[in-house]
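# Breakdown of the fold
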Amino acid sequence: MTDRPAIEGILAANRYCVIGSTDASGAPWVTPVFFAPLDADRICWVSSPDARHSRNIASRAAVAITVFDSTVAVGSAEAAYFDAEASPVAADQVAAALQALNRRLPEQKQLEPADLEPEGPLVTYQAVVRHRYVLVRGGDPVHGNTLDMSLEV
């Protein structure tokens, strides 16, 4: 798996990503969030602006993101990794982000505009992807790697 369609498949098959952020002093923090792809270069999620990762994004937009299925057997993993810039979604794009998220949510968990600031407690965030990587498992015949590695695609 070494191309963009492989990454699209990983994004489509998984509902959570792990976001790595850092605060103003450089202290790291990782957190899982429910997400949805917006387009080929953006994913979105909703979070409280008071959450640690949201506060980190407010001071440092650079994030690292991993998407993977943690339930597969050891040696069967597929993963996509991203370097990205995170920020709140622009007001004119919030409706599209909610639509993308709601397509992945069960009916009883659907998000409404009233769930978002200023009425509600949540903010819609996005990560604009700068670089993409996939996991290449050890023993890959194409790459000849002995150990697992990541490959930029």
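Refer to the structure presented above.
Okay, so let's go over this structure.

Parameters and conventions
Residues numbered from 1 in each chain as written. Predicted model: local features only at pLDDT ≥ 70, side-chain atom pairs only at ≥ 80, totals over all residues. Heavy atoms only, no water. Disulfide = S-S within 2.5 Å. Buried < 20%, exposed > 50% of the residue type's maximum accessible area, 1.4 Å probe, protein only. Helix = DSSP H or I, 4+ residues; strand = E, 2+ residues; numbered from the N terminus. Pairing = 2+ DSSP bridges.

Further remarks concern the state of the cysteines. Counted according to the given criterion, the structure contains zero disulfides. The thiol of Cys17 is unpaired, and the distance to the nearest cysteine sulfur, on Cys44, comes to 9.8 Å. The exposure class of Cys17 is buried, given its relative accessible area of 1%. By relative accessible area, which is 0% here, Cys44 ends up buried.

Take the pairing of strand E4 (residues 42-47) next. Across the six residues of E4, five count as buried, placing the element largely inside the fold. Note: strand E3 (residues 36-39) against E4, three bridges, orientation antiparallel. Opposite Pro37, over in E4, you have Ile43 as the bridge partner. The turn joining E3 and E4, which pair antiparallel and follow one another in sequence, is formed by two residues. Here E4 pairs with strand E7 (residues 123-136) via six bridges, running antiparallel. Bridge pairing in E7 places Trp45 opposite Tyr125.

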